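Chain by chain, the residues run as shown.
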Amino acid sequence: MRTLLISLASLSVSAAAFAQTGLNSLPEVEFSQLSQRDPNPLSEKALSINPTQWKHGETDHFIYHFVHSYVATPISIEAEFHYRVVAKELERDQPLTDIKSNVYIFERPEDWQQFQGLGVLEKWTGGIHSQGSLFILRNPEQKFSGNVLGHEIVHLVLHRFYSDGIPCWLNEGIAQYISKSARASYQRARGYISKPHSEAIADDDIIPLATLVRLTRPPSDRVETFYDESERLVRFLIATDKPSFLALLDALGRHQPFEAALPRFYPTKFTTVATLEEKFREYAAKDFGTTLQQAEE
Ligand SMILES: [Zn+2]
């Protein structure tokens, strides 16, 4: 983990410097000149809402559709930043294709209202994901709070590495885990004292792992616990053994059952889901400050 944190810090220094100069705003590109087309049917729907408002631009790994470049520019910086963080964390350089992810940035709440009935809103962030594209509402007067944008970007990047999907807890857990760490290092690079914050979960609140790993969406009555617990579980599996975690992720990305994959990649640690749960419950209840030091140093 130390290597990761150092590389995160150096990445964020350049991102922060880039953001502060204000010189390099995202260049606008004519729609017809974009290097790729988004085949997602929601793309056409989005761009048909107030069609004259949309401008377009692209960076190495993303294509953006936006109204104002001063809104899109910081998003593009954060998107590329997170791309590199995820690729590093997954220890992979490139997905198998050069396909870019599309990001649609709405600014007018009334446009967003018109659009949002068309997709499934993620409860945690209010964004909509569909087939590897992201649709978000950005109010230019409000900054995205916390790690919300980072969380969404991690999903986009994960989708490119695992386009056939990974289990919901793993997708949400990795999105929370990486975006929290990345945000903390981004802030440290700007001179803030910041540590990633992971929520402890009381033993009574834990969703049994056998249930958690089967959920296909966050349970509406336990949204917060679901996100916190998924993040902690990812953190625990990584802290226990990073190469095992990456192998498990690949197996789950090939739709193998968790119960069968777990003992294959953690043969000495977790022979069953019950063993994992017993140890995880202890870890989940711990205060994060001490856990982070022990797990990551
Ligand atoms: Zn999410």
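Residues numbered from 1 in each chain as written. Predicted model: local features only at pLDDT ≥ 70, side-chain atom pairs only at ≥ 80, totals over all residues. Heavy atoms only, no water.

Asks: How do you make sense of the nonpolar core when you look at a structure like this?
Replies: Side chains of a nonpolar character, in soluble globular proteins, are inclined to be buried together. Judged by nonpolar contacts, the single largest core of 65 residues is most densely connected at Trp169, Leu237 and Phe245. The element that contributes the greatest number of residues to this core is helix 3 (residues 69-89), accounting for nine residues. Each of domain 1 (2-161) and domain 2 (199-296) accounts for three or more of the residues forming this core. Apart from residues no more than four positions distant in its own chain, Trp169 is found in contact with Leu212, Val213, Phe226, Ser230, Leu233, Val234, Leu237, Leu252 and Phe258. Among the nonpolar cores identified, the runner-up in size contains eleven residues, and Phe106, Trp112, Ile128 and Phe135 belong to it. (Core = buried A, V, L, I, M, F, W, Y, C linked by side-chain atoms within 4.5 Å. Buried < 20%, exposed > 50% of the residue type's maximum accessible area, 1.4 Å probe, protein only. Helix = DSSP H or I, 4+ residues; strand = E, 2+ residues; numbered from the N terminus. Domains from an automatic or database assignment. Contact = heavy atoms within 4.5 Å.)

Asks: Explanation requested: the side chain of Arg160 in the structure shown.
Replies: You can see Arg160 is positioned in helix 5 (residues 148-161). Within the local environment of Arg160, its side chain forms a polar contact with the side chain of Ser101, the two groups lying 3.0 Å apart. (Polar contact = N/O pair within 3.5 Å; in protein donor to acceptor, adjacent residues only side chain to side chain.)

Asks: Please clarify how the packing of aromatic side chains should be interpreted in this entry.
Replies: Between two aromatic rings, the relevant description is the distance of the centres plus the angle of the planes. Evaluated as defined, the whole model comprises 14 aromatic pairs. Centre to centre, the rings of Trp54 and Phe106 are 5.1 Å apart; their planes meet at 90°, and the pair counts as edge-to-face. Of the two residues, Trp54 sits in the loop between helix 2 (41-47) and strand 1 (55-58) while Phe106 sits in strand 3 (residues 101-106), which places them 52 residues apart along the sequence. The burial state of Trp54 is the same as that of Phe106; both residues are buried. With 5.6 Å between their ring centres and 85° between their planes, Trp169 and Phe258 make a pair best called edge-to-face. Placement of the pair is Trp169 in helix 6 (residues 168-189) and Phe258 in helix 10 (residues 258-265), with a sequence separation of 89 residues. (Phe/Tyr/Trp six-rings, centres within 6.5 Å; stacked < 30°, edge-to-face > 60°.)

Asks: Before we go on, may I ask you to explain helix 10 in this structure?
Replies: Since there are 3.6 residues in each turn of an α-helix, residues three or four apart along the chain are aligned in direction. Restricting attention to buried positions, one finds in helix 10 the residues Phe258, Ala261 and Leu262. End-on view of helix 10: buried residues confined to an arc of 105°, all on one side of the axis. (Arc of directions from axis to C-beta.)

Asks: Help me understand the sheet that holds strand 2 (residues 62-66) in this model?
Replies: What holds strands together in a sheet is hydrogen bonding between their backbones, with the strands either parallel or antiparallel. What the five strands build is an open sheet, ordered 1-2-3-5-4; its pairing is mixed. One side of each edge strand has no neighbouring strand; the edge strands of this open sheet are strand 1 and strand 4 (128-130). In this sheet, neighbouring strand axes are inclined to one another by 15° on average, regardless of whether the strands run parallel or antiparallel. Pairing analysis gives four bridges linking strand 2 to strand 3, with the strands arranged parallel. In the sheet register, Phe62 faces strand 3, and the bridge partner there is Ser101. The sheet contacts of helix 4 (residues 109-116) involve strand 3, strand 4 and strand 5 (133-137), and relative to strand 5 the element is tilted by about 135°. (Pairing = 2+ DSSP bridges. Axes fitted to C-alpha atoms, helices over the stretch in contact; angles between N-to-C directions.)

Asks: Quick question: what am I supposed to make of the pairing of strand 2 here?
Replies: Strand 2 sits mainly inside the fold: five of its five residues count as buried. Residues of strand 2 alternate between two faces, with Phe62, Tyr64 and Phe66 on one and Ile63 and His65 on the opposite face, all of them buried. Both strand 1 and strand 2 contribute to a ladder of four bridges, which runs antiparallel. Bridge pairing in strand 2 links Lys55 to Phe66.

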